[in-house]
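# Descriptive analysis of the structure
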Amino acid sequence: MNIYEFAPIAWLINIAHTVLTFLSDLIEPVVGGASAALAVMLLTIIVRACLIPVGRSQVKAQIDRQRIAPQLQALQKKYKKKPEVLQRKTMELYQKEKVSPMAGCLPMLAQMPVLMAVYGLFLVPTIGGESNDLLTHSFFGTQLGDSLVLQIQSGSVTVTSGIMYAIIVVIIAVVAQASRKILMPPTPAPTQRAEPAPGMPQMPDMTKITKVLSFMPFMTAIIATFVPLAAALYLLVTVSWTLGERVVLRKLMGADKPSDGTDAVEAKPKAA
């Protein structure tokens with residue numbers, strides 16, 4: 001079964017189609033033939049603005065993990081030869097500080113229905129039983145339903161479309177590098193992780209997960225060459241929005257304030 005035929009997703013796609021068509025018709029007298037492409041960007045901004053609470057939750061989760069990181073390292077160092085005690089103390093720390101090791105993942109999942117609807121809008125040939133006319137609109141001579149890879153395969157790539165896609169990919173890559181440099185906290189020196197005690201769950205290694213996630217924006221630059229142009233424009237706007245949003249939220253929420261070291265001192269574990 002085509003996932004975009006699933007009733008809730010199809011319903012979201014219909015709503016996105018209605019909104020995008022309305023925005024395109026609204027700005028067409030001003031911007032002319034580029035109205036659909038610019039409407040895509042405007043719709044992306046509207047969607048991301050609605051998801052600001054989700055972004056705030058992710059930033060808060062990152063701040064919480066940074067805050068207790070010194071305490072976790074102290075526990076790992078002190079109890080590395082006592083796995084049962086380490087597991088217990090680690091869970092107690094998470095409970096005491098009201099921090100979940102997987103916090104921030106659920107907010108990311110909350111975005112999936114919206115993202116699937118936005119992507120599906122530019123992938124499905126028909127919407128509500130009618131032809132998806134949005135895919136016939138163009139931007140700098142390239143139809144919004146075309147992708148760079150398809151153009152290369154068909155031999156229809158032009159200098160204009162090549163330059164346009166190059167600009168999109170370069171901007172996404174630059175934003176990705178800026179995101180890694182500005183937003184990713186310094187990786188602490190690795191410590192040996194003790195094996196969990198029998199019957200105790202292994203605590204997730206958030207350092208490795210964070211490293212993997214830090215490269216996702218670079219993958220977005222590659223994906224932009226495979227998806228329809230409309231989706232590539234969506235990716236361009238959303239990664240740029242994400243960087244700006246995180247910078248602003250981290251500043252407002254005090255994520256970049258230097259630690260005074262009190263947490264590490266208070267967290268000094270007592271002997272078991």
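This text follows the structure it describes.
Rules and cut-offs
- Residues numbered from 1 in each chain as written.
- Predicted model: local features only at pLDDT ≥ 70, side-chain atom pairs only at ≥ 80, totals over all residues.
- Heavy atoms only, no water.
- Helix = DSSP H or I, 4+ residues; strand = E, 2+ residues; numbered from the N terminus.
- Polar contact = N/O pair within 3.5 Å; in protein donor to acceptor, adjacent residues only side chain to side chain.
- Contact = heavy atoms within 4.5 Å.
- Core = buried A, V, L, I, M, F, W, Y, C linked by side-chain atoms within 4.5 Å.
- Buried < 20%, exposed > 50% of the residue type's maximum accessible area, 1.4 Å probe, protein only.
- Salt bridge = Lys/Arg side-chain N within 4 Å of Asp/Glu carboxyl O.
- Patch = residues over 30% accessible without salt bridge, like charges linked within 9 Å, V, L, I, M, F, W, Y side chains within 5 Å.
- Areas by Shrake-Rupley, 256 points an atom, 1.4 Å probe, with all protein chains shown as cover.

## Points about the side chain of Ser 147
With respect to the element layout, Ser 147 can be found in the loop between strand E4 (142–143) and helix H7 (148–154). From its side chain, Ser 147 meets the backbone oxygen of Phe 226 in a polar contact 3.5 Å long. Not counting chain neighbours up to four residues away, the residues in contact with Ser 147 comprise Tyr 165, Thr 225, Phe 226, Val 227 and Pro 228.

## Examining the nonpolar core
The biggest cluster of nonpolar side chains holds 45 residues, and the ones touching the most others in it are Leu 20, Leu 121, Phe 122, Leu 144, Ile 172, Leu 229 and Leu 233. Elements represented by at least two residues in this core include exactly helix H1 (7–31), helix H2 (35–50), helix H6 (112–121), helix H8 (159–183) and helix H11 (229–252). Among the elements that make up this core, the one with the highest residue count is H11 (ten residues). Apart from the residues lying within four places of it in its own chain, the contact partners of Phe 122 are Leu 20, Val 40, Leu 135, Pro 228, Ala 230 and Ala 231. Judged by nonpolar contacts, the second largest core, of nine residues, contains Leu 75, Tyr 79, Leu 86 and Leu 93.

## Describing the pattern of salt bridges
Overall, the coordinates contain three salt bridges when judged by the stated rule. Its salt-bridge partner being Glu 245, residue Arg 48 comes within 3.6 Å of it at the nearest N-O pair. Note that Arg 48 is positioned in helix H2 and Glu 245 in helix H11, a separation of 197 residues in sequence. Each member of the pair Arg 48 and Glu 245 is classed as buried. Linking Glu 245 and Arg 246 is a salt bridge whose minimum nitrogen-to-oxygen distance equals 3.9 Å. Take Glu 245 and Arg 246: they sit in the same class, and that class is buried. Among the charged side chains, a salt-bridge network with shared partners connects Arg 48, Glu 245 and Arg 246.

## Points about a nonpolar patch on the surface
On the surface, Val 159, Ile 163, Ile 167 and Ile 171 cluster together into a nonpolar patch covering about 370 Å² of accessible area. As for its position among the elements, Ile 167 is in helix H8. The class for Ile 167 is partly exposed, based on a relative accessible area of 47%.

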